[in-house]
Amino acid sequence: MSSLFSFKMPEHGFFVTGEPMIYMADVLIVLVTLGIIFVLTYFKKWRWLWDEWLTTVDHKRIGIMYIISALLMLFRGGVDALLMRTQLAWPGLNFLNAQHYDEIFTTHGTIMILFMAMPFIVGLMNVAVPLQIGARDVAFPELNAVSFWLFFAGAMLFNISFVIGGSPDAGWTSYTPLAGNELDPGPGENYYLLGLQIAGIGTLMTGINFLVTIIKMRAPGMTLMKMPLFTWSTLITSVIIIFAFPVLTVALALLTIDRLFGAHFFTVTAGGMPMMWANLFWIWGHPEVYIVILPAFGIFSEVISTFARKRLFGYRAMVYSMVAISALSFIVWLHHFFTMGQGPWINSFFGVSTMLIAIPTGVKVFNWLLTLHKGRIEFTQPMLWALAFIPSFLIGGVTGVMLAAVPADYQYHNSYFLISHFHYVLIGGTVFGCFAGLTYWWPKMFGHKLDERLGKWAFWVFNIGFHLCFIPMYLVGLQGMTRRIYTYPAETGWGPINMVETIGAFIMGIGFLIFCYCVYYSARFGERDVTGDAWDGRTLEWSLSSPAPHYNFAHIPKVEALDAWWHMKKEKGKKKEKPEPYKPIHMPNNTGMPIVMSAFMFVAGFGFVFEWYLLAIGGLIGVLLCMLWRSFNDYDSHHYVSVEEIKKHEMAS
Amino acid sequence: MAAISEKATSSGPLEYSTEEGSLKIFGFWIFLGAEIVLFATLFATYLVLHGQTAGGPTSKELFEVRDFMIETLLLLTSSFTCGLAVLEMRKGNKKGYMAWMAITLLLGLGFLGMEIREFVTYVSEGAGLSRSAFLSGFFILVGTHGAHVSLGVLWILCVMAQIAKRGFTPMTARKAFITGLYWHFLDVVWIFIFTAVYLTGVVT
Amino acid sequence: MEQTQHHSPKHHIIGFIWSLLLTFAALWVTLKAPIPVGLRLTIIVILAIFQFVVQLVYFMHISEGDSKVFQIINLLYGIFVAVATVAGSIWIMLYNTM
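Thresholds, definitions, all that
Residues numbered from 1 in each chain as written. Chains lettered and ligands numbered in written order. Predicted model: local features only at pLDDT ≥ 70, side-chain atom pairs only at ≥ 80, totals over all residues. Heavy atoms only, no water. UniProt positions renumbered as here; feature names shortened; annotations may be inferred. Helix = DSSP H or I, 4+ residues; strand = E, 2+ residues; numbered from the N terminus. Buried < 20%, exposed > 50% of the residue type's maximum accessible area, 1.4 Å probe, protein only. Contact = heavy atoms within 4.5 Å. Areas by Shrake-Rupley, 256 points an atom, 1.4 Å probe, with all protein chains shown as cover. Lys, Arg positive; Asp, Glu negative; His and termini not counted. Charge placed at Lys NZ, Arg CZ, Asp CG, Glu CD. Buried area = accessible area lost by both parts, 1.4 Å probe. Salt bridge = Lys/Arg side-chain N within 4 Å of Asp/Glu carboxyl O. Polar contact = N/O pair within 3.5 Å; in protein donor to acceptor, adjacent residues only side chain to side chain. Nonpolar A, V, L, I, M, F, W, Y, C, P; charged D, E, K, R; others polar. Pairing = 2+ DSSP bridges. pLDDT = per-residue confidence, 0-100. Axes fitted to C-alpha atoms, helices over the stretch in contact; angles between N-to-C directions. Parallel < 35°, antiparallel > 145°, perpendicular 65-115°, else oblique. Left-handed = near helix turned anticlockwise from the far one by under 90°. Phe/Tyr/Trp six-rings, centres within 6.5 Å; stacked < 30°, edge-to-face > 60°.

As annotated in an unreviewed UniProt entry, chain B is Quinol oxidase subunit 3 from Thermoactinomyces daqus. What UniProt states about chain B under its Subunit (unreviewed entry) heading is, verbatim, "Heterooctamer of two A chains, two B chains, two C chains and two D chains." Note on chain B: under the UniProt heading Subcellular location (unreviewed entry), the record states "Cell membrane".

Chain A appears in an unreviewed UniProt entry as Cytochrome c oxidase subunit 1 from Thermoactinomyces daqus. Of the comments in the UniProt record for chain A, the one headed Subcellular location (unreviewed entry) reads "Cell membrane". According to the UniProt record, the Sequence similarities (unreviewed entry) comment for chain A reads "Belongs to the heme-copper respiratory oxidase family."

Right, let's talk about the overall build of chain A for a bit. Tallying secondary structure elements over chain A gives 19 helices and two strands in all. Structurally, chain A occupies a C-alpha span of about 75 × 60 × 50 Å along its principal axes. A total of 653 residues make up chain A; the buried ones form 62% of that total. When contacts within chain A are restricted to residue pairs at least 6 apart in sequence, those whose partners lie at least 24 apart make up 83%. When the accessible surface of chain A is totalled, it reaches about 25100 Å², and 71% of it is carbon and sulfur. A gap of 13 Å separates the mean positions of the 41 positive and 40 negative side-chain charges of chain A.

Looking only at helices and strands, chain B has six helices and zero strands in total. Along chain B, from the amino end to the carboxyl end, the secondary structure elements read α-α-α-α-α-α. C-alpha extents for chain B along the principal axes are approximately 65 × 30 × 25 Å. Counting every position in chain B, which comprises 204 residues, the buried fraction comes to 68%. In chain B, of all internal contacts separated by at least 6 residues, the share reaching a separation of at least 24 is 77%. Accessible area of chain B: about 6400 Å², with a carbon and sulfur share of 65%. Here chain B holds 14 positive side-chain charges and 14 negative ones, and the gap between their average locations is 10 Å.

The next thing to look at is the interface of chain C and chain B. In this assembly, 49 residues from chain C lie in contact with 44 residues from chain B. Where chain C abuts chain B, roughly 4000 Å² becomes buried across the two surfaces, and 80% of that area is made up of carbon and sulfur atoms. Across the contact surface, chain C and chain B share zero salt bridges. Where chain C meets chain B, there are five residue pairs in polar contact (both at pLDDT 80 or more). For the side of chain C that touches chain B, the secondary structure elements donating two or more residues are α1 (2-6), α2 (9-32), α3 (37-59) and α4 (68-94) of chain C. Looking at the side of chain C that touches chain B residue by residue, the classes come out as 28 nonpolar, 18 polar and three charged.

Another point: the side chain of A:Glu19. All names here are of chain A. The topology assignment puts glutamate 19 in the segment before α1 (20-42). It is arginine 76 that comes nearest to the buried, bridge-free glutamate 19 among opposite-charge side chains, at 12 Å. Reaching out from glutamate 19, the side chain makes a polar contact with the side chain of histidine 100 at a distance of 3.3 Å. With near-sequence residues (within four places) excluded, glutamate 19 lies in contact with Asn97 and His100.

Next up on the list: the pairing of strand β1 (residues 585-588) of chain A. All names here are of chain A. By the alternation rule, side chains of β1 split into Ile585 and Met587 and His586 and Pro588, which are all buried. Relative to strand β2 (residues 638-641), β1 is paired through four bridges, and the arrangement is antiparallel. Directly across from histidine 586, in β2, lies its bridge partner tyrosine 640.

Moving on to the confidence of the model for chain B. Should the pLDDT be low somewhere, the predicted coordinates at that spot are not to be read in detail. Residue and element names in this part refer to chain B. Per-residue pLDDT for chain B has a mean of 91; in total, 95% of the residues score no lower than 70. For residues 1-10, every residue scores under 50 in pLDDT, and the model assigns this stretch 36 contacts once sequence neighbours within four places are set aside. On the interface metric, ipTM, the complex scores 0.93, and its pTM is 0.94.

Residues and elements named next belong to chain B. Mapped onto this numbering, the UniProt entry annotates "transmembrane region" (unreviewed entry) at residues 26-48, 68-87, 96-114, 134-160 and 181-201. As a span, residues 26-48 carries 100% helix and 0% strand, and end to end its C-alpha atoms are 34 Å apart. For residues 181-201, the end-to-end C-alpha separation is 29 Å, with 100% helix and 0% strand making up the annotated structure.

UniProt marks residues 26-202 of chain B with the feature "domain: Heme-copper oxidase subunit III family profile" (unreviewed entry), using the numbering shown here. A helix fraction of 86% and a strand fraction of 0% characterise residues 26-202 of chain B, whose end C-alpha atoms lie 39 Å from each other.

On to the interface of chain B and chain A. Listed by partner, the interface residues are 43 residues for chain B and 46 residues for chain A. Of the roughly 3700 Å² buried between chain B and chain A on both sides combined, carbon and sulfur atoms contribute 73%. Between chain B and chain A we count one salt bridge in total. With its nearest N and O atoms 3.0 Å apart, the salt bridge here joins A:Asp634 to B:Lys175. At the junction of chain B and chain A, the tally comes to ten residue pairs in polar contact (both at pLDDT 80 or more). Taken together, the elements giving at least two residues each to the side of chain B that touches chain A come down to α1 (19-49), α5 (133-166) and α6 (170-203) of chain B. Element by element, the count of residues in the side of chain B that touches chain A is highest for α1(B), at 18 residues. Classifying every residue of the side of chain B that touches chain A gives 24 nonpolar, twelve polar and seven charged.

Looking now at the packing of helix α4 (residues 98-132) of chain A against helix α7 (residues 229-261) of chain A. Residues and elements named next belong to chain A. For the pair α4 and α7, the least separation of the axes is 10 Å and the interaxial angle reads 130 degrees. With respect to α7, the element α4 is oriented oblique. In the crossing of α4 with α7, the sense of the turn from one axis to the other is left-handed. Where α4 abuts α7, its residues Met118, Leu124, Met125, Ala128, Val129 and Gln132 lie against Phe230, Thr231, Thr234, Thr237 and Phe245.

Turning our eyes to something else, we now look at the packing of aromatic side chains. Residue and element names in this part refer to chain A. Going through the model one piece at a time under the given rule, you end up with 92 aromatic pairs over all chains. When the ring of phenylalanine 115 is compared with that of phenylalanine 151, the centres are 6.3 Å apart and the planes differ by 40 degrees; the resulting orientation is tilted. One end of the pair, phenylalanine 115, is in helix α4; the other, phenylalanine 151, is in helix α5 (residues 141-159), with 36 residues separating them in the sequence. Centre to centre, the rings of phenylalanine 300 and tryptophan 368 are 6.5 Å apart; their planes meet at 85 degrees, and the pair counts as edge-to-face.

Looking now at the pattern of salt bridges. Applying the stated criterion across every chain, the model contains 20 salt bridges over all chains. Here A:Lys60 makes a salt bridge to A:Asp58, at a shortest N to O gap of 3.1 Å. This pair shows no difference in class: A:Lys60 is buried, exactly as A:Asp58 is. Across the pair B:Arg117 and B:Asp67 runs a salt bridge, and its minimum N-O distance is 3.4 Å. Separated by 50 residues along the polypeptide, B:Arg117 in helix α4 (residues 94-124) and B:Asp67 in helix α3 (residues 65-91) bring together distant segments of the chain.

Have a look at this one:
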């Protein structure tokens, strides 16, 4: 541990140098930043940005900010992927050197899981869940803003690593002793540890927030078994977040203490146990997989039921299977390191518990298929993503069961077979789910639909690219190609297959670009959603105007059945009710505390990354002061929306 | 909290009387669930590394029964007095709350003093964080609990200042109740440290 | 009924006495009980669990609030994950011989 007042520089300098690509990135970062500042100043939008977005506590806006961040991170992680695929396209290339390749597969994995999939999912939860349960906001709106800004601070901290100080390079799992201070000194791994730590704390708060929201703030009449399935999946996901993320918090903290303060948790010397890191990492890591997949299951359930124009088949079985998955997710973690050298009893136990997960998952697949059976299926964009998910996830799932067979895993592990397996579940499951959810709720978020023609182009191009990229990976994996190698000799014969994969990857990239163009095109020319019920939906969010007013519901709805809005629409003609008079609505004020506190957290994180303890402690004191300020000043943080304002909004829609 | 009417439910304690209060207390219970897992992970690490002394001092050589018993009794008693403080709060007795809570804090500070002394002694004997994996596990598990207690002292002081100024309102009562929950929870964690670290440490 | 109970310090005093008894019982078992070490450790873990319950019931009012069922489910789930983490880690890390 260095002294408090030393500001030592990393071995390779403060800024990363020597790579033309990084210099280009530097220039781009400066230009984009200047561009944003210019546009905001020229159009006098600073005030608007601060008042309407940066200080907002409205769950719908926080959701949109999450999704924008997620799409940016998808772009960054996608560029990383394409750089890797370019390097691997042909044997013996030297487009990236070994070190640079290590850095890129590390940032690709970390960003895609923690800074793309997580915020995308959390963003969709924010957009939809309070509306689905007939609530006016989440339980703790200010905490919700804190969650978002902590995630954002963590993501930014992680992302600046490639231009300042150097990227982490020990893989997204950051296994010790490789990630320890002896073998990997410097800021790179610290960025990983601190970036994830800060974002992870935000995620834990999100879990608590949504659990309380769903348990305590449902509209009258909405019993647990009348909740929409996306809400159910959010509830279960929240439970998993609450009990899995503390493990990550501790694991990251212990490795940080090892690296910065000379402890011996995961070191090779002084009795440390490097394998303990793998153990702790996956106690969190496996539930994490379900955190990103269960909400996607929820989205598919909504989308398939809506566009098959049928009630979901086997609603209760869907719920129970998610509960079962959540419990099982905590007792399977060892399957990520079967080959670490445990005895047969341990491996058998975890192999069997892993295979058990296939049962509730299979139940869900059959329920989706039976919902489609005899439905009047409409092939809209969200539905296409949902339909493409089923076969993709099946392939990913079946290969997962193959990997769970311990003796066979000794052959498959660490190969491209594994890589393809988890990309099939994470892209085929989570990413398809995110796109299904995004296109499904887009009208609710922005008041217009995404253009169907362009959206379908994006879907087909992305899908063709996806299978072209990953099906060959199973084959090349079985042929023996291992993960995390930066090149391979021509004699292996893996060249042509890798070329196909690379072509597939670039086609996926084109699909993403078409999607981006679709967003732009639709904003200008897309079909406006005037009814608020763009898809003839079944759940309560479609009973509101698009976009929903900031207080959501002028009257809290009374729920009588599953698919509450569908039920109301059917009953509408039968009984006439006098509209009740509006009452003033109690809403929380906007606040700048979350973004200020997260900025301090960023400073503290940066201080720890460079082991500049004065800066780190300063940042932490700032965080503490924010909390104290909040504790003494939360007595009048609410206001009332007047009846006139409600009338104005409700008349307009 | 958002958009929630401030309607007071007819009966029941003040801290539960608004929907906001009831949401936050429930939310805090959920947070305690997460804290259980946080400490469980630290316990798991400590127990796995307990034998990894790397030729350095073992738990049997370090732990003093008298010292950790005093720490335990201080914290147990503070949990009791904290309970009495919340009881006074429910009776609306501000003075009683302040008095019992002040005693709670003094006991808490006494505990912290003992713990700091214990740590300083170990470090001066050459048994610091970096000596062995066992000691890394020990300092971080017990130290994390100590950090929680310190934060608790600071937090409770803030809440006491707010109650001194505003008296018992649904909001201050909720804060008092939640800090009470937190304090009791820290006692629960200590019970497991007492059992799994100290008692276990002196026999194996 | 619960209400009146919580308005008297008797409830808390009983809880305090219980927690003292359990603490000293654990100390006695550890230092003086004429039984093998494994059994001693098992007993003190059980005593700690009782101590946990005492805190929950007598001091923390676990059974209050309008969501007490969820509070308890949440706690049990936390304990499940805690036990899986501690027991699983010990099993994997210390009993991992072929």
